[in-house]
Every structure is written in C-alpha cells, then in structure tokens.
Amino acid sequence: MQHRTSTAVDLTARSRWMRIRDHLTATGNPDFRFRQVISAWQGSTAETFADVRALPSNLRSELAERFGPRLHPLTAVEVQRDDHVEKVLFAAESGARIETVVSHYRAGWDSMCVSSQAGCGLGCTFCATGAVGLVRNLTADEITAQVMHPRWTREGLPRPASVAFMGMGEALANPHVFDALTLLTDPGYAGLSARRVTVSTVGFAPNLDRLVAEHPQVTLTLSVHSPFPGQRAELIPLERRYPLADNLAILDRHVRTTRRKVFLAYLLIAGVNDGEAHLDALADLVRQRSRPELFHVSVIRYNEAAGADPAYRAPSTRLVEGFVRGLVARGVHATRRRQLGTTIDAACGQLHARYL
C-alpha cells in the first residue's frame, strides 16, 4: 500500500528550534530568552508557548503567532501497554501517524524506540512498516518530540536512558535525522550522550557514510539478515542499490577510526536464513572485517507482522539459541536480542500505526 507524501507541513531540514533561536537573535532579544524556551522544552512540562511563564507575555504571543502555539508538533492519541512495554500512537499536525515504544527493564532503566518516517518506502518483506509504504519523512522536531513530549513527564517517566532509531522508517533515508541527532545530543538542546543513541539502518550507504563523519559517537546497527546477496535482496530490496559489502566497508573504516563497537542485526526466519550455510557465511563476513572483535551480531527472532510475507515463520527459542551458539563457536561475538512487546505489536518489524 503506497501513500502520497504530505505537503501540509514545513519539511525544511532546519529545525524549528534553530529558527526560533535565530529569530530571537534577529529581533534583539537577549540570549537568555532562548535558554528560557529551551529550559521549558528540556523539562518536558510545557505544552505551548503560553505555558512558558518565564517569558514576557508579549514574547509568548509573538512566538506562538510566528511558529504556532504548540512546543511539540505531535499529539498522543492512543496508548497500549503490556508488562514491560508502552506503545504510544502519535498524530502529527499533518495527520500522519507514527508509533513510539518505551521498554521498561527490570534493572530500573528505560529505553525508547523512535520513528523517523511515517511508513517506509523500502519494502523489506519481513516488516509491517514496509508494507504501509512511505507516507513522508518526519521533521527533526517530530523525531525529537517523541523523546521530549510532556506525556512522559505526566506519566512520571524519567528521560529514557537510551534512544534507538528502530521504530517506523529507515532513519538514514530521511535527511532530517541529522538535525534530530544534533538536537538530541547537543548540550544546548536535549543533551543526551551520543553513545546512548543508536541508529539502525538496512544499509542506506551514502548517509551511513555521512553519519559516521558527523556523529561518530552514535552507536550503529546494520541489518544483515542474510550473508548471501541474492537472498538479502529478497528480504531487503535496498541491497540491489547499496550492497551489504559497501556498508560493511564504511563500518570497517569507522571502527578503525573510533575503535567503537558496531552491531550487525540478524533477523532469524525459520527455514529461510537459519541454516549451516548461513552460519558459515555470516561468520566469514565478520572474520573478514579489519577489526572483527568490534563487530557484534544481534540475533533477533522474527515476529509475525501485518503485511509481511505470509510464508515467514518465527523460529523456536531452541533454534535461535542454537544459531547464537553456532556463531560463538565460529569465533563471532553474538547474543540474542531480547524481544519485548510482541503482544501489542511493538516488537521489531511490527509497527504500522494502523495504516493497514
């Protein structure tokens, strides 16, 4: 199912927060006025400019008139929960819908999975979001609003300990993600540690190259899912445009420069990519890297997803654990990624924001 791209909102790459800062400077306001606005945003308490009581009333009115009344361009419209996961359906001002997932871990910390696009245009055959088609890229403000939205504060939730671009969409197909990363990690904005932010990609090589140059401390996850190019192209059609080998070469240069660990995600589908030949070839891919000890394979159990290939089946726990053991026996660092939220369609590949 394909959707037309919405033109109802400003999709300029420059964040509204950056434009507010420039406007305040251009109109002769002292620097602390912008810090007052950002402080309200950082505290995740103010819904509108009218709520920022530290500002003079005339400035509140001026900012609302110029930039719209709301500090956050998303509205929470529905919440689903299970024992460990909370999934929030957000509506953008254009009407596009996205889903954001917060996982609560027993150790007492939270991790947030944010969306970068409404829908996705890459057509991966295992993914509900890909079955939707691309509605549009999210703006930098819409991406960061998922993290900074006041609803989390109202629910008594702390700022998440980590943020992962693993929700709806291919993050690196959206150029606004780079401004979003700046807003999330710059001390003058959200101030999250870059090392606590993960960007996951199926292999959009040009922007992966840009990402490692501009945000080298961000954690990277590259989806592999098959070591064989032909089969990988069936699972991830982008393989035909940007082959896995090109993306691995970028990661090779990155780990040599930063000495930071990178992750290779491997979605295990029963009877599709779970054989001994896959184990051997995947292990060879890792061993061929310049710093193989810095490549870690995360094995993910396939989750049945709306709109995905109906022939795909979830592997048994025994099969997943055996695959991980097989990689370890071949000298590869590998673990099984813990899956949460399957009962509310909040796990990997299941997000679709009810477009279907």
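Conventions used here
- Residues numbered from 1 in each chain as written.
- Predicted model: local features only at pLDDT ≥ 70, side-chain atom pairs only at ≥ 80, totals over all residues.
- Heavy atoms only, no water.
- Buried < 20%, exposed > 50% of the residue type's maximum accessible area, 1.4 Å probe, protein only.
- Helix = DSSP H or I, 4+ residues; strand = E, 2+ residues; numbered from the N terminus.
- Arc of directions from axis to C-beta.
- Polar contact = N/O pair within 3.5 Å; in protein donor to acceptor, adjacent residues only side chain to side chain.
- Contact = heavy atoms within 4.5 Å.
- Pairing = 2+ DSSP bridges.
- pLDDT = per-residue confidence, 0-100.
- Axes fitted to C-alpha atoms, helices over the stretch in contact; angles between N-to-C directions.
- Parallel < 35°, antiparallel > 145°, perpendicular 65-115°, else oblique.
- Left-handed = near helix turned anticlockwise from the far one by under 90°.
- Nonpolar A, V, L, I, M, F, W, Y, C, P; charged D, E, K, R; others polar.
- Salt bridge = Lys/Arg side-chain N within 4 Å of Asp/Glu carboxyl O.

Engineer: Is there a simple way to think about helix α3 (residues 57–67) in this case?
Structural biologist: An α-helix turns once per 3.6 residues; consequently, residues spaced three or four apart project the same way. Along α3, the residues that are buried comprise Leu 59, Arg 60, Leu 63 and Phe 67. All buried residues of α3 project into a common sector of 105° when viewed along the axis, lining one side. Within α3, the exposed residues directed more than 90 degrees away from the buried face are Asn 58 and Glu 65. Just beyond α3, the residue with positive phi is Gly 68, at close to 90°.

Engineer: Just checking my understanding: could you explain the side chain of Asn 137 for this structure?
Structural biologist: Within the secondary structure layout, Asn 137 lies in strand β6 (residues 133–137). At 2.8 Å, the side chain of Asn 137 and the side chain of Gln 117 are in polar contact.

Engineer: Explain the environment of Phe 178 here, please?
Structural biologist: Considering the arrangement of structural elements, one finds Phe 178 in helix α7 (residues 176–185). Distance in space between the C-alpha atoms of Phe 178 and Val 197 is 12 Å, their sequence separation being 19 residues. What Phe 178 contacts, discounting residues up to four positions off in sequence, is Leu 172, Asn 207, Arg 210, Leu 211, Glu 214 and His 215.

Engineer: I would appreciate a short explanation of the pairing of strand β2 (residues 85–92) in the present structure.
Structural biologist: Look at any regular strand and the pattern is simple: side chains alternate between the two faces of the sheet. Counting buried positions over the eight residues of β2 gives eight, a clear majority of the element. Of the two faces of β2, the one lined by Val 85, Lys 87, Leu 89 and Ala 91 and the one lined by Glu 86, Val 88, Phe 90 and Ala 92 are each fully buried. One ladder, built from seven bridges, connects strand β1 (residues 74–81) with β2; its direction is antiparallel. Bridging across to β2, Thr 75 finds its partner in Ala 91. As consecutive antiparallel partners, β1 and β2 are separated by three residues. Sheet topology places β2 next to strand β3 (residues 97–104); seven bridges connect them, and they run antiparallel. Paired with Ala 91 across the two strands is Arg 97, which belongs to β3. The turn linking β2 back onto β3 is made up of four residues, and Gly 95 within it adopts a positive phi angle of 100°.

Engineer: Is there a simple way to think about the confidence of the model for the protein in this case?
Structural biologist: A low pLDDT means the predicted coordinates there should not be read in detail. For the protein, per-residue confidence averages 88 on the pLDDT scale, and 90% of positions sit at 70 or higher. Taken together, the stretch residues 1–13 has pLDDT below 50 and engages in 32 contacts with residues farther than four places along the chain or on a different chain.

Engineer: Help me out: how do you make sense of the packing of helix α5 (residues 140–148) against α7 in this one?
Structural biologist: Geometrically, a packed helix pair is captured by the angle between its two axes and the distance between the axes. It is at 8 Å that the axes of α5 and α7 come closest, and there the two elements cross at 40°. As summarised for this structure, α5 and α7 are arranged oblique, according to the angle between their axes. Handedness of the crossing formed by α5 with α7: right-handed. Residue-level inspection shows Ala 140, Asp 141, Ile 143, Thr 144 and Val 147 of α5 in contact with α7, the latter providing His 176, Val 177, Asp 179, Ala 180, Leu 183 and Leu 184. In the contact of α5 with α7, the residues fall into seven nonpolar, two polar and two charged.

Engineer: Sorry if this is basic, but what is going on with the pattern of salt bridges here?
Structural biologist: When the charged atoms of two side chains lie near each other, side chains of opposite charge can form a pair. As enumerated under the stated definition, the model contains 14 salt bridges in all. The residue Arg 330 makes a salt bridge to Glu 276 at a minimum N-O spacing of 2.8 Å. Here Arg 330 is found in the loop between α12 (317–329) and β12 (333–336), whereas its partner Glu 276 is found in helix α11 (residues 276–287), with 54 residues between them in sequence. Owing to a relative accessible area of 22%, Arg 330 belongs among the partly exposed residues under this scheme.

Engineer: In this structure, what is going on with the sheet that holds β3? I would like to understand it.
Structural biologist: Sheets are built from strands that pair by backbone hydrogen bonding, the pairs being arranged parallel or antiparallel. As summarised here, the arrangement of the 10 strands in space is β1-β2-β3-β4-β7-β8-β9-β10-β11-β12, forming an open sheet in which the pairing is mixed. In this open sheet, the two strands that pair with only one neighbour each are β1 and β12. Across the sheet, the mean angle from the axis of one strand to that of its neighbour is 25°, orientation sign disregarded. Across seven bridges, the pairing between strand β10 (residues 262–268) and strand β11 (residues 295–301) is parallel. Residue pairing across strands places Phe 263 opposite His 296, the latter belonging to β11. Most of the contacts of α12 go to β12, to which it runs at about 170°, and overall it touches β10, β11 and β12.

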